[in-house]
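So you can see what is in the structure, the chains are spelled out below.
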Amino acid sequence: MGATPEVRPTVPGDQPGTDRDPDVIVIGAGVAGLYQLHRLRGLGLQARVYEAGSDVGGTWYWNRYPGARFDSESWSYGYSFSEELLREWEWPEHFAAQPDTLRYLNFVADKFDLRRDIRFRSRVVAAHFDDAADRWTITLEDGRQDRARLLITALGPLSAHTLPEIPGRDTFRGQAFHTARWPREGVALAGLRVGIIGTGATAIQCIQTIAREVGSLTVFQRTPNWAAPLHNRRITAEEQARIKASYPEIFERCRQTSTCFIHQTDPRRALDLSPQEREAFWEKLYAEPGFGIWVGNFADVLTDRTANALASEFMARKIRERVKDPAVADRLIPKTHGFGTRRLPLESGYFEVYNQPNVRLVDINETPIERITPEGLRTSAEAFAFDVLIYATGFDGVTGPYDRIDIRGPGGRRLRDDWKGMPRTFLGMLVDGFPNLLMVLGPHTARGNIPRNIEEIVDWVTDLVAFMQAHGQRRVETRPAEVDRWVSEVEKAVEGQLFSEVNSWQTGVNRNVEGRQVRRVLGYYGGAVAYRRRIGDVAASGYRALLFDAGGARGTMSG
Ligand code: NA7
């Protein structure tokens, strides 16, 4: 990325350098950006949101691939901040499909009249801090710029999609799509020869959905994943009434669990129980909807190798029961990571797909893909011809969206350089050397049921901004010592958790991205309850951990 081009006018009516600069710029109009905008308005501030897409929705705007849906219970996923919204909105299914979630986010945008402060089709490529003026200047892809005192990033942890580095990718003559760039109008797949690369959560949803309509489906698998049944169904009228009446309890329940899902870890240890007791519990979890089998399992399943191996054996048996051809079943059973040590995909008939005569599984460890060809692709063993190629190859998780923006603090210090290895943050929201930059769901925040995490972080960020307003502060930053302390807390929290020994986007590994082959700690895994307490303590102390500057004659936050 070169130097910032000369300041050019922004969108019509907004002249930079005038008193029409917004107080705050927010990047992203997904679940986080929408709520952040709403809260900033509540402070009487002028916020402007820049969004790369042509409409609201973030993840739910981009990921329109067939079968995209929640693995969180819908009624635990929506925003909790407005009772009126909770009364008015009805989720049609326990685990809503992408079109319903996008409809929901549009409903929210309309209800709170959010669009008037969002600039669509506006991808931010650079954000530079002017140390003398205490302002951020952002630059869009087309060179337009805008300035504001505060910059809030609501980029989403999974917005930087990645294509596989396979030779010949551009030579394919059929249609090719990454699942995160699925066309709005959909793709007619009926009767076609389709190839799909990847077997993560996205691919699993896509494969089980399209397998029934395509002519043939060839799945290219590098690493099989454990997957458990979603058990989705429609919400009955009776259930709808019950859900609406119990929202306070639902959200309170989410506040008590370490992942903000309704599922709570079972305090018992698998190894303390008899095989019969263990099995009975696992059978029960396998038959229940949602993530219970992952985050509501025995306390030692994700931390003790023996307990994890037993749970893996149980899951492997399920795969063998569901897939008729033992050789195919064996290929679908993960060998390099234990159950639950990667984000667990939930499925609806995924394994049975491999019993269909039109579906074939190709293990690309046995026969690697050599190149994409005009007709399809070639492995070391054979050539395949396709009408459509689907890349379900994932994302440069968590830090990828930050790496793709040229973010520079005072003195031209680049965030990308600071985060070459392990990212440095304070509470996952501030970065030393980058004043007035606040991140929503950046690295090192608690993870799980994302809107629950988002609401807490947005509320914290909004309280901080209100504090600055109230005290006439125009600049806030964190100290390197606080960042060091938080990073060591983050590293400590992950100790003993088996997932931290496994490559996945959650541990910062993406083999398609240079420099991202090494595992990093990208989240705070000490649990949402501990995280909430920690960030609450910082606020309650009057933000003593942070440095403020009122800037003397230079004006205040909104001046
Ligand atoms: P994931 O979970 O990162 O899955 C990506 C898949 O693509 C995974 O199976 C990868 O295999 C595979 N992949 C990536 N690059 C290649 C190449 N070059 N060759 C072959 N296969 C490749 O992304 P998803 O979109 O499924 O899910 C991301 C999150 O979205 C998910 O966790 C939910 O939270 C929602 P690998 O495992 O790297 O061997």
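Shown above is the structure to which this text applies.
Note that the structure is predicted; figures quoted are calculated from it, not measured.

Here is what the cut-offs are and how they apply
Starting afresh in each chain, residues are numbered from 1 along the sequence in its written order. Only residues with pLDDT of 70 or above have their local features reported here, since the model is predicted, and side-chain atom pairs are shown and tallied only from 80 upward, although totals for entire chains, interfaces and linings are computed over all residues. Side-chain metrics rest on all non-hydrogen atoms present in the structure, leaving aside hydrogens and water. What we call a nonpolar core is a set of buried Ala, Val, Leu, Ile, Met, Phe, Trp, Tyr and Cys residues that are connected through their side-chain atoms within 4.5 Å. Throughout, exposure labels follow a simple rule: accessible area from a 1.4 Å probe, protein chains only, divided by the maximum for the residue type, with under 20% read as buried, over 50% as exposed, and the rest as partly exposed. The secondary structure listing takes helices from DSSP runs of H or I that are at least 4 residues long and strands from runs of E that are at least 2 residues long, numbered from the N terminus. Strand pairing is assigned whenever DSSP identifies at least 2 bridges connecting the two strands. We call two residues in contact whenever any of their non-hydrogen atoms come within 4.5 Å of each other. Any N or O atom pair separated by 3.5 Å or less is treated as a polar contact, with the protein-specific requirement of one donor-capable and one acceptor-capable atom, and with residues adjacent in sequence counted only for side-chain atom pairs. Definition of nearness: a residue and a molecule or strand are near each other if at least one heavy atom of the residue lies within 4 Å of the molecule or strand. Only the protein chains shown count as cover for residues, and all accessible areas are computed by the Shrake-Rupley method using a 1.4 Å probe. Amino acids are sorted into nonpolar (Ala, Val, Leu, Ile, Met, Phe, Trp, Tyr, Cys and Pro), charged (Asp, Glu, Lys and Arg) and polar (every other residue, Gly among them). For Phe, Tyr and Trp, rings pair up if their centres lie within 6.5 Å, where Trp contributes its six-membered ring, and each pair is then called stacked (planes under 30 degrees apart), edge-to-face (over 60) or tilted (otherwise).

Draft legend 1. The nonpolar core, seen in detail. Grouped together as the largest cluster of nonpolar side chains are 135 residues, with contacts concentrated most on Leu217, Tyr354 and Trp460. Ranked by residue count, the leading element in this core is helix H15 (residues 450-470), at 9 residues. Core analysis: the next-biggest nonpolar cluster, separate from the first, contains 21 residues, Trp136, Ile138, Tyr402 and Val431 among them.

Draft legend 2. Looking closely at the pairing of strand E17 (residues 388-391). Of the two faces of E17, the one holding Val388 and Ile390 and the one holding Leu389 and Tyr391 are both buried throughout. Strand direction decides the pairing type here: strand E8 (residues 175-178) and E17, joined by 4 bridges, are parallel. Each bridged residue has a counterpart across the sheet, and for phenylalanine 177 the counterpart in E17 is isoleucine 390.

Draft legend 3. Structural detail: the environment of arginine 520. Inspection of the secondary structure puts arginine 520 in the loop between helix H16 (480-493) and helix H17 (528-540). Arginine 520 gets classed as buried once you look at its relative accessible area, which sits at 8%. Taking C-alpha positions, arginine 520 is 9.3 Å from glutamate 491, a pair spaced 29 residues apart along the chain. Apart from the residues within four sequence positions on either side, arginine 520 is in contact with Thr399, Gly421, Met422, Pro423, Gln506, Thr507 and Gly508. Within polar-contact distance, the side chain of arginine 520 engages the backbone oxygen of glycine 508 at 2.9 Å.

Draft legend 4. Quick look at the site of the ligand. The immediate surroundings of the ligand are formed by 20 residues, with Thr199, Thr202, Arg222, Thr223 and Trp505 found nearest. Separating an oxygen atom of the ligand from a side-chain N or O atom of threonine 223 is a distance of 2.4 Å. A distance of 3.1 Å separates an oxygen atom of the ligand from a polar atom in the side chain of arginine 343. Look at the ligand: alone it shows 780 Å² of surface, and the protein chains cover 85% of it. Its residues placed into classes, the shell around the ligand shows 8 nonpolar, 8 polar and 4 charged.

Draft legend 5. Structural detail: the packing of aromatic side chains. Going through the model one piece at a time under the given rule, you end up with 37 aromatic pairs. With a centroid separation of 4.8 Å and an interplanar angle of 85 degrees, the aromatic rings of tyrosine 61 and tryptophan 62 are classed as edge-to-face. Taking the relative accessible area as the measure of exposure, tyrosine 61 reaches 9% and is therefore buried. With relative accessibility at 21%, the residue tryptophan 62 sits in the partly exposed group. Pairing phenylalanine 81 with phenylalanine 112 gives two aromatic rings, centres 5.3 Å apart and planes at 50 degrees, and the pair type is tilted. On the criterion of sequence distance, the pair formed by phenylalanine 81 in the loop between helix H3 (74-77) and helix H4 (83-88) and phenylalanine 112 in the loop between helix H5 (98-111) and strand E3 (118-119) is long-range, its members being 31 residues apart. Phenylalanine 81 gets classed as partly exposed once you look at its relative accessible area, which sits at 25%.

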